[in-house]
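Structure assessment
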Amino acid sequence: MHEFKYRNKQLYCEGVKIQDLVKRFSTPLYVYSYHTILGHFIKLKIAFKKSKPLICYSVKANSNLAILRALVKEGAGLDIVSGGELFRAIKVGCPPERIVYAGVGKTEKEIKEAIKIGILFFNVESISELENINGISKRLNKITNVAIRINPDVEPKTHRFITTGRLTNKFGVDFKTAYKILKMRKDFKFLNISGLHIHIGSQITSPLPYVSAIGKLLNFIRKLRKEGIELEYLNIGGGLGIIYNKETPQTAEEFAKRLLPLLKKSNLKIIMEPGRFIVGNAGVLVTKVLYIKSTSKKKFVIVDAGMNDLIRPALYDAYHNILPLKMIPQRKGNAQKVDIVGPICESADFFAKNRTIPKLKENHYLAIMGAGAYGFSMSSNYNSRCRPAEVLVKEDKFYLIREREAYNDLIDNEVIPEFLR
Ligand code: LLP
């Protein structure tokens, strides 16, 4: 995480001492580096320059308006999966022709909104959905662009909860079904089936699963061409892995080197949907050590952030590096093995298990690294906890991009019925 570094033993984000942000905004606090976000986007854009892809940042990874706006301003499109994400995309001024819409369960309301706005296309995940979008388009008297999401049945070698390209997963349709759909495409009078889409999983660190999936797609595209079925787009999804611990993910260049020749063969316009690659290592969750507690078996460091703020360890047993904001001198014998846990009433509420870390004390502050993707966006109010504030740092300036929630936000939409008053 190049923009998160120690200077004079204090952890900085770009040119701002994170401890100063804590003083100002308290904890738990998400801190993001603007230059990392843009840097990753540009890295990908340059690496894939030859295929001139439309890079649609995957909103679900981190949907803060400021982050979306920064990327859209830089030329990114957006990959969305709900009416709420469409609302955000429009709010930040994303041109509709740069929006692609995936997800297995789009509702009638969501489909209608997206058609009216005129998005680039839907990534359609089943025949029933195709029929539904056709019907809605007919009622709106519009021709709608769609791509078929193919489930290429490849093993991305990632956590089973974030594997999406196996036939045991709910996503997409198999090649046989896609073929059937394309053969009967004239029956869908209000659809223009103009592309193929894959997204095989997330946190994928090797290019091989992509090579294998795109290889299968190329065979399929060849077969279609022979039968006079022409397409316009190939959407290769997201999924590029990042370093959380000891992973050795491919760089954007290595990844491009393997994929560009294949993408060229397709002769189609290329779309990519990276999420984690762009924001994952651009954010940290800052938290305060509240208490230290020992049992006969374990030592616990209890912090003020919880699984409601960052659920990845609880949900996927994900590893996040944890660094003190103020460097703790590494003296012989001062390292200890601890569980770093939150205040929530669940045993899954942990950030690290049996982690060897320099001796922590109460009132120390920690940065949970690699928290930019699927951190805040997966947060909740569980245990009636207010969601944390978010700050964006650009060089030596910082901007509050989401206020800490207040107790009133927790109950804003709740009503006590008359008979209970
Ligand atoms: N496109 C589609 C259709 C997706 O479903 C996803 C992510 C992406 C793109 C972006 O994938 P990325 O480049 O970020 O890997 N919550 C999990 C990750 C779930 C990913 C869901 N889909 C985690 O925290 O690891």
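Owing to the predicted nature of the structure, the values given are computational and were not obtained by experimental measurement. (Residues numbered from 1 in each chain as written. Predicted model: local features only at pLDDT ≥ 70, side-chain atom pairs only at ≥ 80, totals over all residues. Heavy atoms only, no water.)

Here we take up unusual backbone geometry. T27 connects to P28 through a cis peptide bond whose omega is -10°. Mapped onto the secondary structure, P28 falls in the loop between helix 1 (18-25) and strand 4 (29-33). A positive phi angle, close to 55°, is found at N141, a residue other than glycine. Relative to the helices and strands, N141 is located in the loop between helix 6 (127-140) and strand 9 (144-149). Among the residues examined, N141 registers a relative accessible area of 63% and is labelled exposed. (Helix = DSSP H or I, 4+ residues; strand = E, 2+ residues; numbered from the N terminus. Buried < 20%, exposed > 50% of the residue type's maximum accessible area, 1.4 Å probe, protein only.)

Our focus in this paragraph is the sheet that holds strand 2 (residues 10-13). In spatial order, the strands read 1-2-3; together these 3 strands make up an open sheet with antiparallel pairing. Each edge of the open sheet carries a strand with a single partner, namely strand 1 (4-7) and strand 3 (16-17). When strand 1 meets strand 2, the two strands line up antiparallel, connected through 4 bridges. Across the sheet, residue F4 finds its bridge partner in strand 2, namely C13. (Pairing = 2+ DSSP bridges.)

Our focus in this paragraph is the packing of aromatic side chains. Following the criterion strictly, the structure yields 8 aromatic pairs and no others. Aromatic side chains F25 and F398 sit 5.9 Å apart centroid to centroid with 90° between the ring planes, which places their arrangement in the edge-to-face category. One end of the pair, F25, is in helix 1; the other, F398, is in strand 20 (residues 397-402), with 373 residues separating them in the sequence. Using a relative accessible area of 31% as the deciding quantity, one classes F398 as partly exposed. Centroid distance F121 to Y233: 5.2 Å. Interplanar angle 55°. Geometry classified as tilted. Of the two residues, F121 is situated in strand 8 (residues 121-124) and Y233 in strand 11 (residues 233-235); the sequence distance between them amounts to 112 residues. The exposure classification of F121 matches that of Y233, with both residues buried. We note R7 situated over the ring of Y12; from NZ or CZ to the ring centre the distance is 4.4 Å. (Phe/Tyr/Trp six-rings, centres within 6.5 Å; stacked < 30°, edge-to-face > 60°. Lys NZ or Arg CZ within 6 Å of the ring centre and 35° of its normal.)

Okay, the site of the ligand next. Around the ligand, 18 residues are found, and the nearest of them are S202, E273, R312, Y316 and Y374. D79 is positioned such that a nitrogen or oxygen atom in its side chain is 3.3 Å from a nitrogen atom of the ligand. Calculation on the ligand without its partners gives an accessible area of 580 Å², and the protein chains cover 91% of this total. Of the residues belonging to the shell around the ligand, the class tally is 5 nonpolar, 7 polar and 6 charged. Built from parts of two domains, the shell around the ligand gets at least three residues from each of domain 1 (4-31 + 280-410) and domain 2 (33-276). (Near = heavy atom within 4 Å. Polar contact = N/O pair within 3.5 Å; in protein donor to acceptor, adjacent residues only side chain to side chain. Areas by Shrake-Rupley, 256 points an atom, 1.4 Å probe, with all protein chains shown as cover. Nonpolar A, V, L, I, M, F, W, Y, C, P; charged D, E, K, R; others polar. Domains from an automatic or database assignment.)

Here the focus is the sheet that holds strand 12 (residues 269-272). One closed barrel holds the 8 strands; their spatial order is 5-6-7-8-9-10-11-12, and the pairing between them is parallel. Pairwise comparison of adjacent strand axes, ignoring direction, gives a mean angle of 30° for this sheet. Relative to strand 11, strand 10 (residues 191-197) runs parallel, the two being bridged by 3 bridges. Bridged to L196 within strand 11 is L234. Docked against the sheet, helix 4 (residues 83-91) engages strand 6 (77-80) and strand 7 (99-101), running at close to 165° with respect to strand 6. Its contacts with the sheet put helix 6 on strand 8, strand 9 and strand 10, and the angle it makes with strand 8 is roughly 150°. (Axes fitted to C-alpha atoms, helices over the stretch in contact; angles between N-to-C directions. Contact = heavy atoms within 4.5 Å.)

Turning to the packing of helix 7 (residues 175-183) against helix 8 (residues 208-226), a few remarks are in order. Where helix 7 meets helix 8, the closest approach of the two axes is 12 Å, and the angle between their N-to-C directions is 25°. Here helix 7 is positioned roughly parallel relative to helix 8, judged by the angle of their axes. Where helix 7 crosses over helix 8, the two elements pack in a sense that is right-handed. The segment helix 7 lies against helix 8, with F175, A178, Y179 and L182 engaging K216, L217, F220, K223 and L224. (Parallel < 35°, antiparallel > 145°, perpendicular 65-115°, else oblique. Left-handed = near helix turned anticlockwise from the far one by under 90°.)

Under the domain assignment used here, the chain contains domain 1 (4-31 + 280-410) and domain 2 (33-276). Here the C-alpha centre of domain 2 lies 32 Å away from the C-alpha centre of domain 1. Listed per partner, the contact involves 26 residues of domain 1 and 21 residues of domain 2. Buried surface at the junction of domain 1 and domain 2, both sides included, amounts to about 2,100 Å², of which 56% is carbon and sulfur. (Buried area = accessible area lost by both parts, 1.4 Å probe.)

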